[in-house]
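# Analysis of the macromolecular model
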Amino acid sequence: MRRRQRRIAFVALPALLAGVLVSTGPAGADPALSTATAGSARAELETRDQVRRVHVKLAGADMLDRVVAAGFDLEHGLKRVPTGIEGEAVVTAEQIAELTAMGVEVLGDDEGFAWSDQADGGIQGNAAARAAQPASHEATVRIARADWFTTKGQGFLYVEARTTEGQQAEPVVEMQLENDSGRGTSFGFPRTMSRFVDSGQYMFHRNLFKLDARPNQIRVTSSTGGVTTGKVSDWLEDAPPPLTANPSYKSDFVDGYKHPQQLYSRAKEIARQYPDIAEIVYLPNQTNGYQRKAQATIGGTGQSAVVVSSAAWGHEGGNDITVEFVGRPGADLPLTVEVAGKAVRVLLATDASGAPASTATQVADALKARSQGLIDRAHPYRTNAGTGVVAPTAGPVALTDFLDQKRVGAPEGEVPRGPVTIPVLRIGKHRDGKKPGVLIQAQDHAREWVPATTSLESAERLVHNYRSDRETKKIVDNTDVFFILSNNPDGANYSFYNFASQRKNMTNHCPDATADPGQRNSWGVDLNRNYRVGSGHDGYAGGSTNCVSGTYQGPEELSEPESKNIIWLVEKYSNIKFMMSVHSNGGQLFWQPGAYIADGRITTPRPPLGDEAFYWQSASRILSQVKAHRETVVTPENVGGSSDVLYSSAGNVREDLYYTYGIYAFGWEVGGSVYNPATGDWQGGSFQPEWAGDPELVSGHAETMEYANGIMEMFRVAADWGRDRKDPTSELVPGAGKYRGPVDVRFETSEPATIYYTTDGSRPTLQSPRYAATEFREPGQVFHVTETTTFKWFSVDSAGNIEKNYDPTKNDRRNNYRTATIRIAKL
């Protein structure tokens, strides 16, 4: 029996139809904000537009790109399933038809993928299923991961395995998984593994299922006869105690969601309160501001409709402008424009019979040319040719920037208009560039409120515990932390005050066809698609050229001040060696590669094996601290290169900082699914979960506290990295010696480290081949040695320490690199 995972995912309406986006979760807020009223607003919109929530399935990343490019917001809250991607949408009947026409499958309430907890018998009736696996260098089946974890009293096993025949389409190679019940027990409980394919490329087979007893080993068998066994490892089971374990440790400072003004005000106050360990760094590029041009669409939406936009921002006079289309008696009257103060009157032309004769295009052109600078843009509605004759209006039509139209549940008060200078809260005892820097960047995406509170909570913990907690003092004394509490203040304000589901910033790069006010909730640039490496401008998937798409990448790389600021910061403070871009609500932790070219699934370069191992080691530490709060587990399937565990996100910040500056750059999707022992299901979250929701399930407060634990551990990772002066060690296994026949060998290291090696007798350097993984998400490769070979190598750890203090840049006589000769006897 398959149980469907409960989801509260987010998907919104296509921008094509008035840009109405509807959040599927209650819009929580700063304590004064009512989550109930925000939910009522959503219900009101659903009723007004006759929309409903549907569960949808897409065939894969290619289809996701097409749907997003069409204006549907399908970012985050998505779930990889064996045959594609699933999510939820709130749509009208017309939009359902549009999705279906694009190939999207609309699922019933009880449909959709869920991992089965039942052993289904696996590969049955296959005579080859028990055939012996050949030698490891010829193996057709390999185990990439076998992870055991527990959450809230329930055990789970997650397995990834790969067959070298996985790309084969006909017949599709099946895989079977069996597990024992502990040391000394036999294999049993056969189950079929799910095949994972992305952009037409085979990735691996995998399974996640419940078990009551921890297995010691697993066995994986393919339908073509391959079989292998492997040990089960613990995932997040042996975590060090969190900082909060100290009885005197202070935490739980944030009491609700915070809009940008509150976040920035508190950052500045912290710097004033703790000047010995904190200061403010102001970013040089102001945002484009929480501001809009005043607009009106006059004359409906047909060929006679005219869209008018002010030259001045709404708050700087645009909202005072009125436009009136005036009919006059008489024949053959010319089209003229009169301006009196902020009142613009268009005197419509007439023909020989005295009937109105001005078309929408003619009126628009006249407004642009003769409004004395009041009107900046005037054009027919969307893609209309503007051939319809314009009718007189009943009176003056007031232009508005719509920013005074507050959403239900919005905070009290007004939002400051105009460009914003973003403050960066810098915390560290020694802010001289000599300690490893850590950049915490929150709220690239406006509607993601928990990342901001998580980051603020982390900052509060640093300054409040510095003098009373030894571990916190070590962090502050040995790191240099930069907090950007909201990297998208304009969009975030729009999310808090006007449209809770706003994702992008507020900059309108749209041409006339998508610049009418009905599209206003879909304007802006996705800041996490605006960077230079693996960019959509270079053909990578996951960024859109459609300005009303949720993943609009901008007109060019680094077009936005917010993304320019990040590059400025890491270039000015070159000690920044770690970065966490905090998002929600997918429940993932990832790194590079984050983008690929869809045709052939060509990713950005994968990190060296040593960096990959360091990412995994750091992730284990960070996520163990998240688990320590309330046993939330970010599962192994959701950890790794983001293009492998989620989808391609062209032009993301992580790629740019890692590949351009060598910064260990993580992306974090806080929130996500939490195991509910009462139902036996994983329950999903939302972008703005109720702040004081169920503390064991979906709660903005609980997510803030647990993920702040993880950020604090990231600081400890950076501090340990900065203090690391110990050289790594490495071995060639099984080692030097004489062997009767061909032998398989591999490298092992004492810690995450990159190995450079040669087999041609030359001295190893940084230009020598790097020891690589067998395949992505797998351990190091195996060398099948068939003749006498001498390996020369050295290892370099993540902190730059080189084994035996070897200098690969100098050809000195010591030659203190490692060497081992594998001698193969001649028969």
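Structure report, in brief.

Our next topic: the overall build of the chain. Scanning the chain from terminus to terminus reveals 13 helices and 38 strands. Over its C-alpha atoms the chain spans a radius of gyration of 30 Å, differing by no more than 12% from the 28 Å that the globule rule assigns to 827 residues. Dimensions of the chain, computed from C-alpha atoms along their principal axes, come out at roughly 110 × 70 × 55 Å. Taking all 827 residues of the chain together, 60% fall into the buried category. Summarising the internal contacts of the chain: among those between residues at least 6 apart in sequence, 76% fall at separations of at least 24. Of the accessible surface of the chain, which amounts to about 30,600 Å², a share of 49% is contributed by carbon and sulfur atoms. Between the centroid of the 86 positive side chains of the chain and the centroid of its 98 negative side chains there is a distance of 6 Å.

What follows deals with unusual backbone geometry. Look at the link from Gln 592 to Pro 593: it is a cis peptide, with omega at 0 degrees. For Pro 593, the location among the structural elements is in the loop between β25 (576–591) and β26 (596–597). Omega for the peptide link from Val 733 to Pro 734 comes to 10 degrees, which places this bond in the cis form. When you line up the elements, Pro 734 lands in the loop between β32 (730–733) and β33 (737–739).

Our focus in this paragraph is the sheet that holds strand β36 (residues 783–785). Working definition: the strands of a sheet are paired by backbone hydrogen bonds and lie parallel or antiparallel to each other. Spatially, three strands are ordered β32-β34-β36 in an open sheet, and the strand pairing comes out antiparallel. In the strand order of this sheet, the two ends are held by β32 and β36, each with one partner. Between one strand axis and the next, the sheet turns through 30 degrees on average, direction left out of account.

To continue, consider the packing of helix α4 (residues 260–273) against helix α6 (residues 450–465). Interaxial distance between α4 and α6 falls to 11 Å at its minimum, and their mutual angle equals 10 degrees. When the axis of α4 is compared with that of α6, the two are roughly parallel. Relative to α6, α4 is oriented so that their crossing is left-handed. Contact residues: Leu 263, Arg 266 and Ile 270 in α4; Ala 452, Leu 456, Glu 460, Val 463 and His 464 in α6. Looking at the contact of α4 with α6 residue by residue, the classes come out as five nonpolar, one polar and two charged.

Attention now goes to the packing of aromatic side chains. Enumeration according to the criterion identifies 36 aromatic pairs in this entry. Seen in terms of ring centroids, Trp 235 and Trp 616 are 6.1 Å apart; in terms of plane orientation they differ by 75 degrees. Their pairing is edge-to-face. With a gap of 381 residues between them, Trp 235 in the loop between β13 (233–234) and α4 and Trp 616 in helix α10 (residues 609–630) connect regions that are remote in the sequence. Comparing Trp 235 with Trp 616 shows no difference in burial state: the two are buried. Aromatic side chains Trp 591 and Trp 616 sit 5.4 Å apart centroid to centroid with 85 degrees between the ring planes, which places their arrangement in the edge-to-face category. Within this pair, whereas Trp 591 is found in strand β25, its partner Trp 616 is found in helix α10, the two being separated by 25 residues in sequence. The exposure class assigned to Trp 616 is buried, which follows from its relative accessible area of 12%. These aromatic residues form a ring-pair network of at least three members: Trp 235, Phe 578, Trp 591, Phe 614, Tyr 615, Trp 616, Tyr 658, Tyr 659, Tyr 664, Phe 666 and Trp 721.

Another point: the environment of Glu 703. Take Glu 703: it is sitting in helix α13 (residues 700–723). Assessed through its relative accessible area of 2%, Glu 703 is described here as buried. For the pair Glu 703 and Pro 451, spaced 252 residues apart in sequence, the C-alpha separation works out to 9.1 Å.

Attention shifts here to the side chain of His 445. With respect to the helices, strands and loops of the structure, His 445 is situated in the loop between β23 (437–442) and α6. Within the local environment of His 445, its side chain forms a polar contact with the side chain of Arg 503, the two groups lying 3.3 Å apart.

Right, let's talk about the nonpolar core for a bit. Counting 104 residues, the largest nonpolar core has Leu 425, Phe 483, Trp 668 and Phe 715 as its most contacted members. Among the elements that make up this core, the one with the highest residue count is α13 (eight residues). The residues contacting Phe 715, other than those within four sequence positions of it, are Val 438, Ile 440, Ser 458, Leu 462, Ile 475, Thr 479, Val 481 and Phe 483.

The sheet contact formed by β32 and strand β34 (residues 743–749) spans four bridges and is antiparallel. Within β34, the residue paired with Leu 732 across the bridge is Phe 747.

By definition, a disulfide links two cysteine residues through a covalent bond between their sulfur atoms. Applying the stated criterion across every chain yields a total of one disulfide. One disulfide in the model links Cys 510 with Cys 547; its S-S distance is 2.0 Å. Residues Cys 510 and Cys 547 are joined through a disulfide that is right-handed, its torsion about the S-S bond being 120 degrees. Highlighted residues: Cys 510 in the loop between α8 (489–497) and α9 (561–572) and Cys 547 in the loop between α8 and α9, separated in sequence by 37 residues.

Let us now look at the sheet that holds strand β10 (residues 201–211). Here we have five strands laid out as an open sheet, ordered β9-β10-β6-β5-β13, and mixed in their pairing. Two strands close off the open sheet at either side, each with one partner strand: β9 (194–198) and β13. Where β9 meets β10, five bridges bridge the pair, whose relative direction is antiparallel. Across the sheet, Val 197 pairs through a bridge with Tyr 202, a residue of β10.

Cut-off values and rules
- Residues numbered from 1 in each chain as written.
- Predicted model: local features only at pLDDT ≥ 70, side-chain atom pairs only at ≥ 80, totals over all residues.
- Heavy atoms only, no water.
- Helix = DSSP H or I, 4+ residues; strand = E, 2+ residues; numbered from the N terminus.
- Rg over C-alpha atoms; globule rule 2.2 N^0.38 Å.
- Buried < 20%, exposed > 50% of the residue type's maximum accessible area, 1.4 Å probe, protein only.
- Contact = heavy atoms within 4.5 Å.
- Areas by Shrake-Rupley, 256 points an atom, 1.4 Å probe, with all protein chains shown as cover.
- Lys, Arg positive; Asp, Glu negative; His and termini not counted.
- Charge placed at Lys NZ, Arg CZ, Asp CG, Glu CD.
- Pairing = 2+ DSSP bridges.
- Axes fitted to C-alpha atoms, helices over the stretch in contact; angles between N-to-C directions.
- Parallel < 35°, antiparallel > 145°, perpendicular 65-115°, else oblique.
- Left-handed = near helix turned anticlockwise from the far one by under 90°.
- Nonpolar A, V, L, I, M, F, W, Y, C, P; charged D, E, K, R; others polar.
- Phe/Tyr/Trp six-rings, centres within 6.5 Å; stacked < 30°, edge-to-face > 60°.
- Polar contact = N/O pair within 3.5 Å; in protein donor to acceptor, adjacent residues only side chain to side chain.
- Core = buried A, V, L, I, M, F, W, Y, C linked by side-chain atoms within 4.5 Å.
- Disulfide = S-S within 2.5 Å.

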